[in-house]
Amino acid sequence: KKFAMMATAAAKEEEDASASSSSSVVFGGGGSLELVSQGAEARIFACEVFGVSAIAKHRFEKRYRMKALDERLRKERTTAEVRCLARCRQLGIAAPALLMVDQYTIYMERVKGVTAKKYVEDRRGGHASAALMVRIGNAVARLHDAGMTHGDLTTSNFLCRQQRDKDDDKDDGDGQRDDDVVDEAV
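Residues numbered from 1 in each chain as written. Predicted model: local features only at pLDDT ≥ 70, side-chain atom pairs only at ≥ 80, totals over all residues. Heavy atoms only, no water.

Draft legend 1. Molecular detail of the pairing of strand S3 (residues 42-49). Within S3, 7 of the 8 residues are buried, leaving the element largely enclosed by the surrounding structure. Relative to strand S4 (residues 52-59), S3 is paired through 8 bridges, and the arrangement is antiparallel. Bridging from a neighbouring strand, Glu48 pairs with Ser53 of S4. Connecting S3 to the next strand, S4, in antiparallel fashion are 2 residues, including Phe50 with a positive phi near 55°. (Buried < 20%, exposed > 50% of the residue type's maximum accessible area, 1.4 Å probe, protein only. Helix = DSSP H or I, 4+ residues; strand = E, 2+ residues; numbered from the N terminus. Pairing = 2+ DSSP bridges.)

Put into structure tokens, the structure is as follows:
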């Protein structure tokens, strides 16, 4: 009976989340934010902070949990994530820059790119995909060496940031431009 009530509450929460996933949402003190994606614990919104293209990761309320427990978990998880992001940047591990934090929301640099999952799917495996997986493995090893764990290692949680090398636009002398991009796992 208790499980059925929890499942009903979770389904209601999902319905509410779907209903609120319109093109824009407004948080208390700020302007309009565009919903980009939603996971089990947070919604990701596109926004601008201090003139910088950013995302806001907002950990939403889980109504099936006791209110005090829910608030504590959301605060603790937000704080832990902020500490991990800051530590990654200190260690030179690619991670978005933190811009601002409040109780349940982290505002960070918006990384332009595609998920590692999409990158691999678009290339149907191959050398570039294998090289990316090696880079992700190296980044994860550095996290573990620093005493940190990710908690949800999937290719959907890594972004490939496209960066142009200054030599990429050179003319190779054969009348073609070299437009390869260097991909960085984040």
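Next comes the rest of the write-up.
Draft legend 2. Representation of empty space enclosed by the protein within the structure. Counted under the stated rule, the structure contains 1 cavity of 30 Å³ or more. Roughly 30 Å³ of volume is contained in the largest cavity. Together, Glu41, Arg59, Phe60, Lys62, Arg65, Leu73, Arg74 and Arg77 line the largest cavity. A class-by-class count of the residues in the lining of the largest cavity yields 2 nonpolar, no polar and 6 charged. (1 Å grid on protein atoms, 1.4 Å probe; cavity = no way out; pocket = protein on both sides within 12 Å on 5 of 7 lines; lining within 4 Å. Points joined across faces, edges and corners; volume = space filled by probe spheres on them. Nonpolar A, V, L, I, M, F, W, Y, C, P; charged D, E, K, R; others polar.)

Draft legend 3. Fine view of the pairing of strand S5 (residues 98-101). Here 3 bridges tie S5 to strand S6 (residues 105-109), and the two strands are oriented antiparallel to one another. If you follow Met100 over to S6, its bridge partner there is Tyr107.

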